[in-house]
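Residue-level structural notes
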Amino acid sequence: MSDFVALITIIIWPVVPLFWIPVHGLSKIFKKLGLLTYTMPLTTWLPLAYFIYSQRDFLLQFKTGFPMTINIIGIVLLITGTLLHIWTGKLLGFWGLLGLSEISAKVRSRLVTEGAFSVVRHPTYLAHTLMFIGIFLMTEVIAVGIIFSKKNYKNLLMKLILKLELLTTLHIVQNIILLNTECFLMSHKFARAWYSKA
């Protein structure tokens, strides 16, 4: 079961950077495309998802061997992140969660400042981070960015540590890009209301 959860996470996770980084960075272009923007994940993510699935045996074979206590902490983080995501989803609404206002000039959005948004500016990203770390601690699967040859087992522990560092770095870089582009867009869109909540 944990391998299935890890595989689903590894397959689905690239949708976030493949979709949201371009949408936030090139919002004027995507507003012109409108709903056609949602075809972008199909063209960019589906081939990657197929490739990841085809390499699942290799990707899932490396595990950390955490003690049960760490697995339980992972489960708690996953549940916490999931509950936070559900809460932010309710606050944003379905169309807000899908980002319809970012790709359609016809849909008006409002600055959400209540609930989780009154404490954290981007609770959805915090939720993703908690869920992602929770799944990693729960499943113990190290499947990240750099895929090295099965035959080269020298310094395997060092390579696994480097993979974990890469995972963390890529996640942080992705969040920095998303946070900065979203902050820039929101500050221009909502001006005074945005800065008064900063």
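Whatever comes next refers back to the structure up there.
Here's what I pulled together on the structure shown here. Values in this document were obtained by computation on a predicted structure and should not be read as measured data.

Attention shifts here to the overall build of the protein. The helix and strand inventory of the protein stands at 9 helices and 0 strands. Listing every helix and strand of the protein by position from the N terminus yields α-α-α-α-α-α-α-α-α. Expressed as a percentage of the 198 residues in the protein, the buried residues total 38%. For the protein, the share of sequence-separated contacts (at least 6 apart) that also reach a separation of at least 24 residues comes to 79%.

Formed by Ala6, Leu7, Ile10, Ile11, Trp45, Ala49, Ile52, Phe58, Leu59, Leu60, Phe62 and Val141, the largest nonpolar core amounts to 12 residues. Among the secondary structure elements, those contributing two or more residues to this core are helix H1 (2-12), helix H4 (40-54) and helix H5 (56-60). The leading source of residues in this core is H1, at 4 residues. If we skip the residues at most four places from it in the chain, Val141 touches Asp3, Ala6, Ile10, Leu59, Leu60, Phe62, Lys63 and Phe136. In this structure, Val16, Val23, Phe30 and Leu100 belong to the second largest nonpolar core, which totals 8 residues.

Take H4 next. An ideal rise of 1.5 Å per residue puts 21 Å on 15 residues; H4 measures up with 22 Å between its terminal C-alpha atoms. Roughly 30° is the biggest bend found in H4, and it falls at Leu46, with proline Pro47 one to four residues downstream. Met40, Pro41, Trp45, Ala49 and Ile52 are the residues of H4 that are buried. Elements in contact with the buried residues of H4: H1, helix H2 (15-25), helix H3 (27-33) and H5.

Bringing the packing of helix H6 (residues 68-98) against helix H8 (residues 123-139) into the picture now. Across the interface, H6 lies against H8 with an axial gap of 7 Å and an inter-helix angle of 155°. Taken as axis vectors, H6 and H8 run roughly antiparallel relative to one another. Seen along the crossing, H6 lies across H8 with a hand that is left-handed. Grouping the amino acids of the contact of H6 with H8 by side-chain chemistry returns 16 nonpolar, 10 polar and no charged.

This paragraph deals with the environment of Leu48. The residue Leu48 is located in helix H4 in this model. Residue class for Leu48 comes out partly exposed when judged on its relative accessible area of 31%. Counting along the chain gives 36 residues from Leu48 to Ile12, while the straight-line C-alpha distance between them is 9.8 Å. Discounting chain neighbours no more than four positions away, the residues touching Leu48 are Pro14 and Leu18.

Criteria and thresholds
Residues numbered from 1 in each chain as written. Predicted model: local features only at pLDDT ≥ 70, side-chain atom pairs only at ≥ 80, totals over all residues. Heavy atoms only, no water. Helix = DSSP H or I, 4+ residues; strand = E, 2+ residues; numbered from the N terminus. Buried < 20%, exposed > 50% of the residue type's maximum accessible area, 1.4 Å probe, protein only. Contact = heavy atoms within 4.5 Å. Core = buried A, V, L, I, M, F, W, Y, C linked by side-chain atoms within 4.5 Å. Expected span 1.5 Å × (residues − 1). Bend = angle between axes of the 7 residues up to and from the residue. Axes fitted to C-alpha atoms, helices over the stretch in contact; angles between N-to-C directions. Parallel < 35°, antiparallel > 145°, perpendicular 65-115°, else oblique. Left-handed = near helix turned anticlockwise from the far one by under 90°. Nonpolar A, V, L, I, M, F, W, Y, C, P; charged D, E, K, R; others polar.

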